[in-house]
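Chain by chain, the residues run as shown.
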Amino acid sequence: MIAVIRGTGSYIPPRVVENEELKNYIETSDTWIRERTGIERRHVVTDDTVASMAAKAGRAALENAGIQAESLELIIVSTTSPTQMIPCNACLVQKELGAVNASCFDLNAACSGFVTAYQTACAYIESGLYQKILVIGSEALSCITDWSDRGTCILFGDGAGAVVLAAEKGKKQESVCGADGSMGDALTLYSGYLSNPFGTPVQEEAVADGRKNAFVRMDGQAIFRFAVRKVPQIIEELLQKNNLQKEEIKYYILHQANTRIVEAVAKRTGQPIGKFPMNVQEYGNTSSASVPILLDELCRGGKVRTGDRLVIAGFGGGLTWAASVVTWR
Ligand code: ACO
(Lines give C-alpha, C1' and ligand atoms only; values in the text may rest on other atoms or scores of the structure.)
Protein backbone atom coordinates (compact mmCIF):
# COMPACT_ATOMS: atom_id res chain seq x y z
CA MET A 1 0.00 0.00 0.00
CA ILE A 2 1.02 3.63 -0.51
CA ALA A 3 -0.14 6.89 1.09
CA VAL A 4 -2.32 9.28 -0.90
CA ILE A 5 -3.53 12.72 0.12
CA ARG A 6 -7.28 12.54 0.61
CA GLY A 7 -7.84 16.06 1.95
CA THR A 8 -6.11 19.33 2.79
CA GLY A 9 -6.88 22.18 5.21
CA SER A 10 -5.34 25.31 6.63
CA TYR A 11 -5.89 28.03 9.20
CA ILE A 12 -4.45 31.53 9.17
CA PRO A 13 -4.88 33.76 12.24
CA PRO A 14 -6.91 36.90 11.40
CA ARG A 15 -4.55 39.61 12.76
CA VAL A 16 -2.58 41.08 9.85
CA VAL A 17 0.68 42.97 10.32
CA GLU A 18 1.60 45.04 7.26
CA ASN A 19 5.24 45.88 6.60
CA GLU A 20 4.44 49.51 7.51
CA GLU A 21 3.38 48.49 11.03
CA LEU A 22 6.84 47.01 11.71
CA LYS A 23 8.21 50.55 11.77
CA ASN A 24 6.71 50.76 15.26
CA TYR A 25 9.33 48.24 16.44
CA ILE A 26 12.38 48.58 14.18
CA GLU A 27 14.02 50.89 11.66
CA THR A 28 12.92 49.47 8.31
CA SER A 29 10.81 50.23 5.25
CA ASP A 30 8.17 48.50 3.17
CA THR A 31 10.46 48.88 0.13
CA TRP A 32 13.44 47.17 1.82
CA ILE A 33 11.33 44.24 2.99
CA ARG A 34 9.58 43.77 -0.38
CA GLU A 35 12.81 44.01 -2.37
CA ARG A 36 14.81 41.62 -0.17
CA THR A 37 12.09 39.09 0.67
CA GLY A 38 8.92 39.68 -1.38
CA ILE A 39 6.96 39.77 1.88
CA GLU A 40 4.15 42.36 2.05
CA ARG A 41 2.39 41.31 5.24
CA ARG A 42 2.14 38.44 7.70
CA HIS A 43 -0.60 37.09 10.00
CA VAL A 44 0.14 36.69 13.70
CA VAL A 45 -1.55 34.95 16.62
CA THR A 46 -3.40 36.98 19.21
CA ASP A 47 -5.36 34.35 21.11
CA ASP A 48 -4.48 31.25 19.06
CA THR A 49 -1.80 28.71 20.00
CA VAL A 50 0.15 26.21 17.90
CA ALA A 51 -2.34 23.53 18.96
CA SER A 52 -5.50 25.59 18.33
CA MET A 53 -4.31 26.50 14.83
CA ALA A 54 -3.28 22.89 14.20
CA ALA A 55 -6.72 21.65 15.27
CA LYS A 56 -8.51 24.13 13.00
CA ALA A 57 -6.35 23.17 10.01
CA GLY A 58 -6.76 19.48 10.87
CA ARG A 59 -10.54 19.76 11.11
CA ALA A 60 -10.68 21.49 7.71
CA ALA A 61 -8.55 18.71 6.17
CA LEU A 62 -10.80 16.00 7.64
CA GLU A 63 -13.91 17.74 6.27
CA ASN A 64 -12.24 18.07 2.89
CA ALA A 65 -11.34 14.36 2.94
CA GLY A 66 -14.77 13.28 4.20
CA ILE A 67 -13.08 11.28 6.96
CA GLN A 68 -14.25 11.08 10.59
CA ALA A 69 -11.78 12.02 13.32
CA GLU A 70 -12.43 8.67 15.07
CA SER A 71 -10.98 6.76 12.12
CA LEU A 72 -7.55 8.44 12.41
CA GLU A 73 -4.81 6.13 13.67
CA LEU A 74 -2.01 8.67 13.97
CA ILE A 75 -1.63 12.44 14.26
CA ILE A 76 1.77 14.07 13.67
CA VAL A 77 2.21 17.78 14.35
CA SER A 78 5.33 19.37 12.95
CA THR A 79 6.29 22.51 14.87
CA THR A 80 9.42 24.41 15.77
CA SER A 81 7.56 26.96 17.93
CA PRO A 82 5.51 24.78 20.32
CA THR A 83 3.43 26.79 22.76
CA GLN A 84 3.95 23.91 25.21
CA MET A 85 6.04 20.73 25.23
CA ILE A 86 3.78 18.42 27.28
CA PRO A 87 1.22 17.33 26.33
CA CYS A 88 2.58 17.36 22.81
CA ASN A 89 0.58 19.40 20.31
CA ALA A 90 -0.64 16.28 18.51
CA CYS A 91 -2.29 15.14 21.78
CA LEU A 92 -3.96 18.54 22.14
CA VAL A 93 -5.25 18.23 18.56
CA GLN A 94 -6.49 14.69 19.28
CA LYS A 95 -8.48 15.99 22.26
CA GLU A 96 -9.91 18.93 20.30
CA LEU A 97 -10.96 16.82 17.32
CA GLY A 98 -12.11 13.77 19.31
CA ALA A 99 -9.68 11.55 17.40
CA VAL A 100 -9.78 9.03 20.23
CA ASN A 101 -8.16 6.16 18.32
CA ALA A 102 -5.07 8.07 17.15
CA SER A 103 -1.50 7.77 18.42
CA CYS A 104 0.16 11.16 18.65
CA PHE A 105 3.55 12.79 18.51
CA ASP A 106 5.21 16.07 17.55
CA LEU A 107 8.16 16.34 15.18
CA ASN A 108 10.74 19.12 14.83
CA ALA A 109 12.90 19.48 11.74
CA ALA A 110 12.52 23.29 11.51
CA CYS A 111 11.29 24.45 8.10
CA SER A 112 11.71 20.92 6.69
CA GLY A 113 9.37 19.61 9.38
CA PHE A 114 6.15 19.20 7.44
CA VAL A 115 7.76 17.32 4.53
CA THR A 116 9.67 15.15 7.04
CA ALA A 117 6.40 14.43 8.89
CA TYR A 118 4.71 13.63 5.56
CA GLN A 119 7.52 11.17 4.73
CA THR A 120 7.23 9.62 8.21
CA ALA A 121 3.48 9.14 7.75
CA CYS A 122 4.03 7.61 4.28
CA ALA A 123 6.51 5.12 5.80
CA TYR A 124 3.97 4.11 8.48
CA ILE A 125 1.33 3.52 5.80
CA GLU A 126 3.71 1.66 3.47
CA SER A 127 4.72 -0.59 6.39
CA GLY A 128 1.07 -1.55 6.86
CA LEU A 129 0.96 -0.25 10.44
CA TYR A 130 -1.60 2.53 9.83
CA GLN A 131 -4.19 3.36 7.16
CA LYS A 132 -5.27 6.91 8.02
CA ILE A 133 -2.97 9.65 9.31
CA LEU A 134 -3.38 13.39 9.89
CA VAL A 135 -0.17 15.38 9.28
CA ILE A 136 -0.09 19.02 10.35
CA GLY A 137 2.46 21.83 10.24
CA SER A 138 1.64 24.59 12.74
CA GLU A 139 3.78 27.56 13.79
CA ALA A 140 3.45 30.58 16.09
CA LEU A 141 6.79 32.07 15.05
CA SER A 142 5.76 35.57 16.14
CA CYS A 143 6.15 34.28 19.73
CA ILE A 144 9.78 33.18 19.27
CA THR A 145 10.81 36.23 17.26
CA ASP A 146 12.91 39.06 18.67
CA TRP A 147 10.86 42.09 17.61
CA SER A 148 13.89 44.33 18.05
CA ASP A 149 16.02 42.34 15.54
CA ARG A 150 15.27 43.75 12.10
CA GLY A 151 17.26 40.99 10.39
CA THR A 152 14.72 38.34 11.47
CA CYS A 153 11.44 39.85 12.68
CA ILE A 154 10.41 41.01 9.21
CA LEU A 155 10.51 37.44 7.91
CA PHE A 156 8.15 35.35 9.99
CA GLY A 157 4.41 34.75 10.22
CA ASP A 158 1.99 32.33 11.90
CA GLY A 159 -0.44 29.70 10.58
CA ALA A 160 -1.14 26.01 10.10
CA GLY A 161 -1.72 23.59 7.24
CA ALA A 162 -2.73 19.92 7.22
CA VAL A 163 -3.19 16.87 5.02
CA VAL A 164 -5.09 13.63 5.60
CA LEU A 165 -3.25 10.59 4.24
CA ALA A 166 -4.96 7.29 3.50
CA ALA A 167 -3.68 3.90 2.33
CA GLU A 168 -4.40 2.94 -1.27
CA LYS A 169 -2.95 0.51 -3.80
CA GLY A 170 -0.27 2.07 -5.97
CA LYS A 171 3.41 2.37 -6.85
CA LYS A 172 5.71 3.61 -4.08
CA GLN A 173 7.50 6.89 -4.74
CA GLU A 174 10.98 7.58 -3.41
CA SER A 175 11.80 10.58 -1.22
CA VAL A 176 14.90 12.59 -0.37
CA CYS A 177 15.74 13.68 3.17
CA GLY A 178 18.96 14.81 4.85
CA ALA A 179 20.78 17.06 7.29
CA ASP A 180 24.09 18.83 7.91
CA GLY A 181 24.43 19.38 11.65
CA SER A 182 27.86 20.99 11.19
CA MET A 183 26.07 24.06 9.78
CA GLY A 184 23.57 24.25 12.66
CA ASP A 185 24.82 27.58 14.02
CA ALA A 186 23.39 29.35 10.97
CA LEU A 187 19.92 29.24 12.56
CA THR A 188 19.35 28.70 16.28
CA LEU A 189 16.65 28.86 18.94
CA TYR A 190 17.49 27.91 22.53
CA SER A 191 14.77 26.48 24.71
CA GLY A 192 16.12 28.30 27.77
CA TYR A 193 15.38 25.35 30.08
CA LEU A 194 18.60 23.36 29.72
CA SER A 195 19.95 23.36 33.28
CA ASN A 196 20.00 21.36 36.51
CA PRO A 197 21.30 22.10 40.02
CA PHE A 198 24.49 20.03 39.52
CA GLY A 199 26.38 22.22 37.10
CA THR A 200 26.66 21.72 33.38
CA PRO A 201 29.89 23.60 32.54
CA VAL A 202 29.93 22.76 28.86
CA GLN A 203 26.46 24.11 28.41
CA GLU A 204 26.61 27.06 30.79
CA GLU A 205 27.34 29.60 28.13
CA ALA A 206 24.68 28.22 25.83
CA VAL A 207 22.16 28.16 28.68
CA ALA A 208 22.95 31.76 29.62
CA ASP A 209 22.64 32.78 25.98
CA GLY A 210 19.49 30.74 25.65
CA ARG A 211 17.82 32.38 28.63
CA LYS A 212 18.75 35.80 27.33
CA ASN A 213 18.01 34.98 23.73
CA ALA A 214 15.14 32.51 23.55
CA PHE A 215 14.51 33.83 20.06
CA VAL A 216 15.41 32.80 16.54
CA ARG A 217 18.92 33.93 15.59
CA MET A 218 20.02 33.60 12.02
CA ASP A 219 22.89 34.14 9.61
CA GLY A 220 20.62 35.17 6.76
CA GLN A 221 23.23 35.04 4.02
CA ALA A 222 24.46 31.56 5.05
CA ILE A 223 20.89 30.28 4.96
CA PHE A 224 20.29 31.95 1.60
CA ARG A 225 23.42 30.36 0.08
CA PHE A 226 22.52 26.95 1.50
CA ALA A 227 18.96 27.09 0.13
CA VAL A 228 19.81 28.15 -3.42
CA ARG A 229 22.58 25.52 -3.65
CA LYS A 230 20.84 22.61 -1.93
CA VAL A 231 17.24 22.79 -3.11
CA PRO A 232 17.98 22.43 -6.86
CA GLN A 233 20.25 19.46 -5.97
CA ILE A 234 17.57 17.64 -4.00
CA ILE A 235 14.97 18.27 -6.72
CA GLU A 236 17.39 16.73 -9.25
CA GLU A 237 18.09 13.76 -6.94
CA LEU A 238 14.37 13.24 -6.23
CA LEU A 239 13.41 13.22 -9.90
CA GLN A 240 16.24 10.83 -10.79
CA LYS A 241 15.19 8.42 -8.04
CA ASN A 242 11.64 8.40 -9.40
CA ASN A 243 12.62 8.32 -13.11
CA LEU A 244 10.81 11.58 -13.72
CA GLN A 245 11.63 14.52 -15.97
CA LYS A 246 11.33 18.08 -14.64
CA GLU A 247 8.64 18.76 -17.24
CA GLU A 248 6.43 16.01 -15.75
CA ILE A 249 6.01 18.03 -12.54
CA LYS A 250 3.08 20.43 -12.53
CA TYR A 251 4.09 22.43 -9.46
CA TYR A 252 7.19 22.69 -7.29
CA ILE A 253 5.80 23.57 -3.88
CA LEU A 254 8.79 24.90 -1.96
CA HIS A 255 9.02 26.10 1.62
CA GLN A 256 8.07 29.79 1.46
CA ALA A 257 11.17 31.42 2.96
CA ASN A 258 11.27 34.34 0.55
CA THR A 259 10.65 35.07 -3.12
CA ARG A 260 14.34 35.50 -3.97
CA ILE A 261 15.13 31.95 -2.81
CA VAL A 262 12.21 30.49 -4.80
CA GLU A 263 13.16 32.51 -7.90
CA ALA A 264 16.81 31.40 -7.65
CA VAL A 265 15.77 27.74 -7.32
CA ALA A 266 13.42 28.05 -10.33
CA LYS A 267 16.27 29.54 -12.38
CA ARG A 268 18.78 26.86 -11.38
CA THR A 269 16.20 24.11 -11.97
CA GLY A 270 15.53 25.50 -15.44
CA GLN A 271 11.77 25.42 -15.03
CA PRO A 272 9.37 28.37 -15.54
CA ILE A 273 8.67 30.45 -12.44
CA GLY A 274 4.93 29.84 -12.95
CA LYS A 275 5.53 26.25 -11.79
CA PHE A 276 6.74 27.59 -8.40
CA PRO A 277 3.62 29.00 -6.73
CA MET A 278 4.21 31.50 -3.91
CA ASN A 279 2.17 33.00 -1.10
CA VAL A 280 5.01 34.33 1.07
CA GLN A 281 3.83 37.83 0.07
CA GLU A 282 0.72 37.34 2.20
CA TYR A 283 1.92 35.15 5.10
CA GLY A 284 5.68 35.67 5.44
CA ASN A 285 7.79 32.63 6.32
CA THR A 286 5.60 30.24 8.34
CA SER A 287 8.36 27.57 8.63
CA SER A 288 6.89 24.07 8.64
CA ALA A 289 3.37 25.37 7.99
CA SER A 290 4.23 26.97 4.65
CA VAL A 291 4.15 23.89 2.39
CA PRO A 292 0.74 22.56 3.59
CA ILE A 293 -0.82 26.06 3.58
CA LEU A 294 0.27 26.54 -0.04
CA LEU A 295 -0.84 23.02 -0.96
CA ASP A 296 -4.29 23.69 0.53
CA GLU A 297 -4.60 26.99 -1.36
CA LEU A 298 -3.76 25.28 -4.66
CA CYS A 299 -6.22 22.44 -4.02
CA ARG A 300 -9.07 24.69 -2.97
CA GLY A 301 -8.33 27.02 -5.88
CA GLY A 302 -8.87 24.08 -8.26
CA LYS A 303 -5.27 24.26 -9.49
CA VAL A 304 -4.46 20.60 -8.81
CA ARG A 305 -6.22 17.79 -10.70
CA THR A 306 -6.22 14.00 -10.55
CA GLY A 307 -3.01 12.62 -12.04
CA ASP A 308 -0.99 15.81 -11.47
CA ARG A 309 2.49 15.29 -10.08
CA LEU A 310 3.83 17.76 -7.51
CA VAL A 311 7.15 18.13 -5.75
CA ILE A 312 7.01 19.30 -2.14
CA ALA A 313 10.30 20.49 -0.63
CA GLY A 314 11.29 21.84 2.78
CA PHE A 315 14.69 23.25 3.85
CA GLY A 316 15.97 25.16 6.83
CA GLY A 317 17.39 25.02 10.36
CA GLY A 318 19.48 22.07 11.38
CA LEU A 319 20.44 22.38 8.59
CA THR A 320 17.81 20.04 7.17
CA TRP A 321 16.11 19.29 3.87
CA ALA A 322 13.37 16.97 2.63
CA ALA A 323 11.55 16.52 -0.68
CA SER A 324 8.87 14.17 -1.99
CA VAL A 325 6.87 13.57 -5.15
CA VAL A 326 3.10 13.72 -4.61
CA THR A 327 0.81 12.22 -7.24
CA TRP A 328 -2.67 13.69 -6.92
CA ARG A 329 -5.58 11.21 -6.80
N1 ACO B 1 15.16 46.89 7.15
C2 ACO B 1 16.10 47.71 6.69
N3 ACO B 1 17.40 47.39 6.65
C4 ACO B 1 17.77 46.19 7.11
C5 ACO B 1 16.83 45.26 7.61
C6 ACO B 1 15.48 45.67 7.61
N7 ACO B 1 14.49 44.87 8.08
N8 ACO B 1 17.46 44.15 7.98
C9 ACO B 1 18.76 44.34 7.72
N10 ACO B 1 18.95 45.57 7.20
C11 ACO B 1 20.20 46.20 6.79
C12 ACO B 1 21.40 45.60 7.49
O13 ACO B 1 21.64 46.21 8.74
C14 ACO B 1 22.50 45.92 6.50
O15 ACO B 1 22.87 47.26 6.65
P16 ACO B 1 24.42 47.71 6.49
O17 ACO B 1 24.78 47.36 5.09
O18 ACO B 1 24.37 49.16 6.79
O19 ACO B 1 25.16 46.88 7.51
C20 ACO B 1 21.81 45.79 5.14
O21 ACO B 1 20.40 45.94 5.41
C22 ACO B 1 22.06 44.45 4.48
O23 ACO B 1 21.81 43.43 5.44
P24 ACO B 1 21.99 41.92 5.07
O25 ACO B 1 21.68 41.09 6.27
O26 ACO B 1 23.31 41.74 4.41
O27 ACO B 1 20.81 41.77 3.99
P28 ACO B 1 20.58 40.63 2.97
O29 ACO B 1 20.64 41.17 1.61
O30 ACO B 1 21.39 39.40 3.25
O31 ACO B 1 19.06 40.27 3.26
C32 ACO B 1 17.76 38.55 4.32
C33 ACO B 1 18.69 39.75 4.52
C34 ACO B 1 16.48 39.03 3.67
C35 ACO B 1 17.48 37.94 5.67
C36 ACO B 1 18.50 37.53 3.39
O37 ACO B 1 19.77 37.22 3.88
C38 ACO B 1 17.70 36.27 3.23
O39 ACO B 1 16.71 36.26 2.55
N40 ACO B 1 18.18 35.19 3.82
C41 ACO B 1 17.45 33.94 3.83
C42 ACO B 1 17.15 33.63 5.23
C43 ACO B 1 15.78 33.13 5.45
O44 ACO B 1 14.89 33.16 4.62
N45 ACO B 1 15.61 32.68 6.67
C46 ACO B 1 14.36 32.20 7.12
C47 ACO B 1 14.52 31.14 8.13
S48 ACO B 1 15.34 29.75 7.48
C49 ACO B 1 14.36 29.18 6.31
O50 ACO B 1 13.19 29.39 6.30
C51 ACO B 1 15.02 28.40 5.26
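Residues numbered from 1 in each chain as written. Predicted model: local features only at pLDDT ≥ 70, side-chain atom pairs only at ≥ 80, totals over all residues. Heavy atoms only, no water.

**Student:** So, the nonpolar core: which residues are in play, and what are the values?
**Tutor:** Most often, soluble globular proteins keep nonpolar side chains buried together rather than apart. Within the largest apolar cluster, 32 residues are counted, with the highest numbers of intra-cluster contacts made by Leu165 and Ile253. Ranked by residue count, the leading element in this core is helix α4 (residues 113–127), at seven residues. With sequence-adjacent residues up to four places away left out, Leu165 is seen in contact with Ala3, Val4, Ile5, Tyr118, Ala121, Cys122, Ile125, Gln131, Lys132, Ile133 and Val135. (Core = buried A, V, L, I, M, F, W, Y, C linked by side-chain atoms within 4.5 Å. Buried < 20%, exposed > 50% of the residue type's maximum accessible area, 1.4 Å probe, protein only. Helix = DSSP H or I, 4+ residues; strand = E, 2+ residues; numbered from the N terminus. Contact = heavy atoms within 4.5 Å.)

**Student:** Residues and numbers for the site of the ligand, please.
**Tutor:** Taken together, 23 residues form the shell around the ligand, and within it Thr28, Arg36, Gln221, His255 and Asn258 come nearest. Within the side chain of Arg150, an N or O atom sits 2.9 Å from an oxygen atom of the ligand. Relative to its unbound accessible area of 1000 Å², the ligand is 73% covered by the protein chains. Elements supplying a minimum of two residues to the shell around the ligand: α1 (30–37), α6 (220–241) and β12 (309–316). Here the shell around the ligand gets four residues from one element, more than from any other, and that element is α6. By residue class, the composition of the shell around the ligand is 10 nonpolar, nine polar and four charged. (Near = heavy atom within 4 Å. Polar contact = N/O pair within 3.5 Å; in protein donor to acceptor, adjacent residues only side chain to side chain. Areas by Shrake-Rupley, 256 points an atom, 1.4 Å probe, with all protein chains shown as cover. Nonpolar A, V, L, I, M, F, W, Y, C, P; charged D, E, K, R; others polar.)

**Student:** Pulling in residues and values, what's your account of the side chain of Thr80?
**Tutor:** Relative to the helices and strands, Thr80 is located in the loop between β4 (74–78) and α3 (89–97). For Thr80, the residues in contact, after removing those within four places along its chain, are Asn108, Ala110, Glu139, Leu141, Ile144, Leu189 and Ser287.

**Student:** Please give an account of the sheet that holds strand β8 (residues 175–179) that cites residues and values.
**Tutor:** The strand order β8-β13-β12-β11 describes an open sheet built from four strands, whose pairing is mixed. Edge strands, defined here as strands with exactly one partner in the open sheet, are β8 and β11 (251–254). Within the sheet, the average angular offset between the axes of one strand and its neighbour, ignoring direction, is 15°. Of the strand pairs in this sheet, β11 and β12 are connected by four bridges, and their pairing is parallel. Counterpart to Tyr251 in the pairing with β12 is Leu310. α6 contacts β8, β11, β12 and β13 (320–327) of the sheet and is inclined by roughly 40° relative to β13. (Pairing = 2+ DSSP bridges. Axes fitted to C-alpha atoms, helices over the stretch in contact; angles between N-to-C directions.)

**Student:** Describe the packing of aromatic side chains, with residues and values.
**Tutor:** For the structure shown, the criterion picks out five aromatic pairs. Ring plane angle 50° and centroid distance 6.5 Å describe the contact between Phe105 and Tyr124, whose orientation is recorded as tilted. You can see Phe105 sitting in strand β5 (residues 103–107) and its partner Tyr124 sitting in helix α4, a full 19 residues away along the chain. The exposure class assigned to Tyr124 is partly exposed, which follows from its relative accessible area of 26%. (Phe/Tyr/Trp six-rings, centres within 6.5 Å; stacked < 30°, edge-to-face > 60°.)

**Student:** Before we move on, could you go through the pairing of β5 and cite the residues and values that matter?
**Tutor:** In this structure, β4 lies alongside β5, joined through five bridges in parallel fashion. The residue of β5 that forms the bridge with Leu74 is Ser103. Tracing the backbone out of β4, into α3 and back to the parallel element β5 gives a crossover that is right-handed. (Right-handed = clockwise from strand over helix to strand, strands pointing away.)

**Student:** Kindly report on α3, identifying the contributing residues and their values.
**Tutor:** The complete set of buried residues in α3 reads Asn89, Ala90, Val93 and Leu97. The buried residues of α3 occupy an angular sector of 100° when the element is viewed end-on, so they sit on one face. Positioned one or two residues after α3, Gly98 has a phi angle of 70°, which is positive. (Arc of directions from axis to C-beta.)

**Student:** Tell me what's going on with the side chain of Ser324, and back it up with residues and numbers.
**Tutor:** Note on placement: Ser324 falls in strand β13. Reaching out from Ser324, the side chain makes a polar contact with the side chain of Gln119 at a distance of 3.0 Å. Polar side-chain contacts of Ser324 include one of 2.8 Å to the side chain of Ser175. In this view, Ser324 contacts Val115, Tyr118, Gln119, Ser175, Leu238, Leu310, Val311 and Ile312; residues no more than four positions away in its chain are not counted.

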